[in-house]
Amino acid sequence: MIVLGVETSCDETAAAISSDSKILSSIVSSQLIHSDFGGVVPELASREHELLLNSIVEKAIQKAGISKTDIEGIAVTRGPGLAGTLLAGVCFSKGFAHGLKKPIIGINHLEAHIFANFLADPNLQFPFVCLLVSGGHTQLWLVEALGGYTLLGTSRDDAAGEAFDKGARILGLGYPGGPEIEELSRGGNQKAVHFPRAFIKDKNIEFSFSGLKTALLYYMDSYDKNGNITKADIAASYQQAIVDILVSKLKQAIKQTGVKTCVVAGGVAANKSLRKAMKNSFTDMRVLYPDLALCTDNAAMVAYLGELYLNKGVSSAMDFDIDPNLKLA
Amino acid sequence: MSIINVNLNSVNSTQSFAQKLASLLSAGTVIAMTGDLGTGKTTFTQGFAKGLGVQGNVGSPTFKLISEYEGADLMLYHIDCYRLKNESEFMNIGGENYLDPVDGITIIEWSENIANVLPDNCIKLHFERVKDSEDKRELTIEGLGF
């Protein structure tokens, strides 16, 4: 089945074509603007979804080497996300489906993120634990089947990626903060400064990164540049605190569920210290890191998941609505 | 224009103050917060949400930009302009809908980034850290007609 996927839940406008669970094309607005404007990415400019949608969908169809009339179904993100941008994508997609007289399905953005892991590794088997760590999410999911998800834990305040971004700002580094902190950490002593690791001894699986950020702020207030501790030491210590929190909660999740496979998805998964700690901590586990392009917001995951549902005969009525607060479980 | 200064001595006092304030406000109120990283804006909003009877977790909306919560009687619109460069970016994501919240209260972090579109009658909260104390914060409240 050939499915058009549309994603406009936040910053990105994206469209993709899938066919029999293979992605034929995947277009994301930030990349498009990047190439069209000679490398300058106007941050958040991509949210002018309405203006971009038509051309991005055209590009996706063209790149897939199909024609519009080959499309057999449409999948579009209906939440969670920003009301205004979701509406742009859903209205566009409904018009498209109506014009082609094809079925449409509204997709949960988080569920699509979880299923992006199958695009990265088609041999992935249920059940698995998915640690979703990005600028917007810090969530641990137990995934047992299509439609079978249990939220094992989430952050009560800042996301892990946000802790990197804001920590980088406090340290006077650039954006995005993850790679900047990682770079500065090289050669630094991760034990030089002790930063708090919230809930690390707690039995509940819950994350908190807000206190860590505040601890860094106060540490920098009294930081002596001419002392023994370098900025590399501070960055390394801060990074290690985030890594320790993530690894310890993942350990708890694995112990609690008894699964043998875990997937670490999202921008923070690219962090080398995290990967090293994971490798050392989970020696008898299968740990997967899907490609970053599949972890950031994209429409390939929406098309892929939509095709799974449409193949089962599941679709949405034409009057379905967006839901900015859509929950998964 | 009235200005009130409040000393908040801990996370708990920030949250209980916010909780009390929430119970005094009515639909249509816009609260514009300013203050640097780690001064307690999200912490304040968590207490505020509790005061409105929001169930469940209120996290940082830095990435999501806008989070909507259902309170007992009112909606809570929690907005974060940290990633926004200017007012037009805010308007591009449908921001104007949240500046006159008929069915609830809008609370905006990093409101300095959209200063030119804030309603005249909004309540301004400015947060400052107190040196050498990780928990203490100074809050300045500014607004018309209270």
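For the structure given in this document, a descriptive report is provided here. (Residues numbered from 1 in each chain as written. Chains lettered and ligands numbered in written order. Predicted model: local features only at pLDDT ≥ 70, side-chain atom pairs only at ≥ 80, totals over all residues. Heavy atoms only, no water.)

**Focus: a nonpolar patch on the surface**
Together, B:M1, B:I3 and B:L144 make up an exposed nonpolar region whose accessible area comes to about 350 Å². Mapped onto the fold, B:M1 is located in the segment before strand 1 (2–8). (Patch = residues over 30% accessible without salt bridge, like charges linked within 9 Å, V, L, I, M, F, W, Y side chains within 5 Å. Areas by Shrake-Rupley, 256 points an atom, 1.4 Å probe, with all protein chains shown as cover. Salt bridge = Lys/Arg side-chain N within 4 Å of Asp/Glu carboxyl O. Helix = DSSP H or I, 4+ residues; strand = E, 2+ residues; numbered from the N terminus.)

**Notes on the pattern of salt bridges**
Residue and element names in this part refer to chain A. Summed over all chains, the structure comprises ten salt bridges over all chains. Put simply, R286 and D121 hold a salt bridge, and the shortest N to O gap is 2.6 Å. Placement of R286 in strand 10 (residues 286–288) and of D121 in the loop between helix 4 (109–120) and strand 6 (128–133) is noted, with a sequence separation of 165 residues between them. The exposure class of D121 is buried, given its relative accessible area of 12%. (Buried < 20%, exposed > 50% of the residue type's maximum accessible area, 1.4 Å probe, protein only.)

**Focus on the sheet that holds strand 6 of chain A**
All names here are of chain A. A sheet is described by the order of its strands in space; here five strands give the open sequence 8-7-6-9-10, paired in mixed fashion. The strands lining the two open edges of the sheet, one partner per strand, are strand 8 (148–154) and strand 10. Here the strands of the sheet are splayed against their neighbours by 20° on average, with no regard to which way each runs. With three bridges joining them, strand 9 (residues 261–265) and strand 10 adopt parallel strand pairing. If you follow C262 over to strand 10, its bridge partner there is V287. (Pairing = 2+ DSSP bridges. Axes fitted to C-alpha atoms, helices over the stretch in contact; angles between N-to-C directions.)

**Some points on the sheet that holds strand 2 (residues 30–34) of chain B**
All names here are of chain B. If you trace the seven strands from one edge of the open sheet to the other, you get 1-7-6-2-5-4-3, paired in mixed fashion. Two strands close off the open sheet at either side, each with one partner strand: strand 1 and strand 3 (66–70). Within the sheet, the average angular offset between the axes of one strand and its neighbour, ignoring direction, is 20°. Seen against the sheet, helix 2 (residues 41–51) touches strand 2, strand 4 (75–80), strand 5 (104–109), strand 6 (123–129) and strand 7 (137–143) and runs at an angle of roughly 170° to strand 5. (Contact = heavy atoms within 4.5 Å.)

**Considerations on the packing of helix 4 of chain A against helix 11 (residues 300–311) of chain A**
Residue and element names in this part refer to chain A. Relative to each other, helix 4 and helix 11 sit at 90°, their axes nearing to 8 Å. As far as their axial angle goes, helix 11 and helix 4 are roughly perpendicular. Residues H109, E111, A112, H113, F115, A116, F118 and L119 of helix 4 form the contact with helix 11, whose participating residues are A300, M301, V302, Y304, L305, L308 and Y309. (Parallel < 35°, antiparallel > 145°, perpendicular 65-115°, else oblique.)

**Quick notes on the packing of aromatic side chains**
A ring pair, where both rings are aromatic, is described by two values, the distance of the centres and the angle of the planes. All names here are of chain A. This structure, assessed with the given rule, holds 15 aromatic pairs over all chains. Taken together, a centroid distance of 6.1 Å and an interplanar angle of 35° make the contact between Y219 and Y223 tilted. The ring of Y289 has R275 sitting right over it, with the charged end atom 4.1 Å from the ring centre. (Phe/Tyr/Trp six-rings, centres within 6.5 Å; stacked < 30°, edge-to-face > 60°. Lys NZ or Arg CZ within 6 Å of the ring centre and 35° of its normal.)

**Notes on the interface of chain A and chain B**
Across the boundary between the two partners, chain A contributes 26 residues, which contact 32 residues of chain B. Regarding the contact of chain A and chain B, the summed buried area is about 2600 Å², with carbon and sulfur atoms giving 50% of it. Where chain A meets chain B, there are one salt bridge. Note that B:R129 and A:D221 form a salt bridge whose closest N and O atoms lie 2.8 Å from each other. The interface formed by chain A and chain B includes ten residue pairs in polar contact (both at pLDDT 80 or more). Residues belonging to the side of chain A that touches chain B are distributed by class as follows: nine nonpolar, five polar and twelve charged. (Buried area = accessible area lost by both parts, 1.4 Å probe. Polar contact = N/O pair within 3.5 Å; in protein donor to acceptor, adjacent residues only side chain to side chain. Nonpolar A, V, L, I, M, F, W, Y, C, P; charged D, E, K, R; others polar.)

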